[in-house]
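Structure assessment
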Amino acid sequence: MMRRRFRPLCLCAALAVSLLPGACAKDKAAPPPDSAQGATPTTDEVTDIAEAAYVYAFPMMENYRTMFVQAVEDSSPGYAAPFNTLSHRSELLGPEFKEIVRPNNDTLYSFGWLDLRAQPVVISVPQLEGRYYSVQLVDMFTHNFAYIGTRATGTEAGSYVVAGPQWEGSKPGDAKKVFRAESAFVYCIIRIQVDGTEDLPAVRAIQKQLRLTPMNVFLGRSRVPVATGITFPRYDPENARSANFIDLFNFLLTQVVIAPEERALFARFGEIGIQPGALSASRQLTPELRAAVEEGVNRGIVAIEDAARDQGQLRGVELRSAGGWQGTAGLFGPGPRMRPRYLARALAALVGLYGNDVEEAYYPIGNTDGSGRPLDAGKHDYVMRFEKDDLPKVDAFWSMTMYGLPGQLMVENPIGRYSIGDRSGLRYARDGSLTIYIQRESPGRKKASNWLPAPDGPFSLQFRMYLPKPEALSPLYLPPAIRVAN
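Conventions and cut-offs
Residues numbered from 1 in each chain as written. Predicted model: local features only at pLDDT ≥ 70, side-chain atom pairs only at ≥ 80, totals over all residues. Heavy atoms only, no water. Buried < 20%, exposed > 50% of the residue type's maximum accessible area, 1.4 Å probe, protein only. Helix = DSSP H or I, 4+ residues; strand = E, 2+ residues; numbered from the N terminus. Pairing = 2+ DSSP bridges. Axes fitted to C-alpha atoms, helices over the stretch in contact; angles between N-to-C directions. Core = buried A, V, L, I, M, F, W, Y, C linked by side-chain atoms within 4.5 Å. Contact = heavy atoms within 4.5 Å.

Things to note about the pairing of strand β17 (residues 394-404)
Most of β17 sits inside the fold, with nine of its eleven residues counted as buried. Relative to strand β21 (residues 459-468), β17 is paired through nine bridges, and the arrangement is antiparallel. If you follow S399 over to β21, its bridge partner there is R464. The sheet contact formed by β17 and strand β18 (residues 419-421) spans three bridges and is antiparallel. Residue pairing for β18: M400 is matched across the bridge by I420.

See below:
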């Protein structure tokens, strides 16, 4: 998942509030009130509608902000690339990387925004036997609507068609599968396992074999249609937090297909001017209605912020805590799973945009020791002991990354080790147990292989389990408690 360093909202408060009148914090959608039957809504009803609409739209606006910077404005260092082309990260991320918080030190990334308006795009991957990889496909709703990779499609070479909602063609014989998106724009995020810096050349060679190809080119046709006739509105964070969000939302709705089960909800949204293509609808609001919409937006912001402190109360979200660790599941997934869990979807966009489905990767976080005290290597040395039967159960690999606080970034250390895991050359005890040393200074030559260097101050740990086994998800696996060394 990607946690941005600069967010439009902060994490605060506690107790999620309702999305719709009569709904609870578990994302239940209530039926429309009488106003949906033709009566003019009251200002209170307008506020309720605006709150629900803002919560629905928030992840879409966050997604658009990324697309605008990376593919439209082309101003994101290291990530930017025109539509239907890939941008590659060729180095493992370290302390010098400050664009997002809690960056990944396990894989190399490749990114691409797909424009599917004129024709599908074909993603071609090489054979990747013995190495984990995934191609995550995210639609404009922020649903992970499809995956290509070790878990989802296997390790053979192949080509996969990604088609927009209006395409009516059939799968070419040379393609393995067609994935249909509910939006005309799709974010493609590729992760490839890297086993240390010495493995980087091999992974870079793999990146060079990845391809994004327009369908007509893939089929060998001379005529290649190009989508035109669109003006992308500039993303403005202030507008996105005001009644003007309606105009951006209305633009985004021109590029998606609304699921049948949401049509009644959108009929209700239409009562405050939300409809595809109405790009200046907010200007038609009377001062009284604008004030009511602004109140709804503010309530939506608070609802999302509050949900960050009460995730376990959200419908479909599983939360487990023990020994200073917290594991969460249910914040990311495909459309059928995430509808109508709009507050959960908005929370996911706030705390970790583009997170993986839990079946693909699971991310427990450790912020305290086993006694509930904040982790601080300026005061203590720490140890973690995994019994043989308590080691993480994965089909790919696992790691644990160190982040200094409050920045939540990797920290310089004398051996250049920012994460530790089953690919780090760990030394296990004769009984199969594993002890990891978390401290500022080296624990000594015999223990150095199991040392995760820590900063001289507060820190947080991020566990990552790629392809967790089913038994690691039911119940959610939590690493052993972090304990102060004797």
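That covers the picture; the talk isn't over yet.
Description of the sheet that holds strand β11 (residues 211-214)
Taken together, the four strands give an open sheet; going across it, the order is β9-β8-β5-β11, and neighbouring strands pair in mixed fashion. Two strands bound the open sheet, and with one partner strand each, they are β9 (177-180) and β11. On average, each strand axis in the sheet is inclined to that of its neighbour by 25 degrees, with strand direction left out of account.

So, the nonpolar core
By size, the foremost hydrophobic cluster in this structure holds 77 residues, and its most contacted members are Y56, Y64, M67, F245, F249, F269 and V293. For this core, the secondary-structure elements that each account for two or more residues are α1 (43-72), β4 (107-115), β10 (185-193), α4 (245-253), α5 (263-269), α6 (287-307) and α8 (342-352). Top element by residues in this core is α1. It accounts for 16 residues. Beyond its immediate stretch of four places on either side in the chain, Y56 contacts F141, F249, I258, E262, L265, F266, F269, Y342 and R345. Core analysis: the next-biggest nonpolar cluster, separate from the first, contains 31 residues, I436, F459, L473 and Y477 among them.

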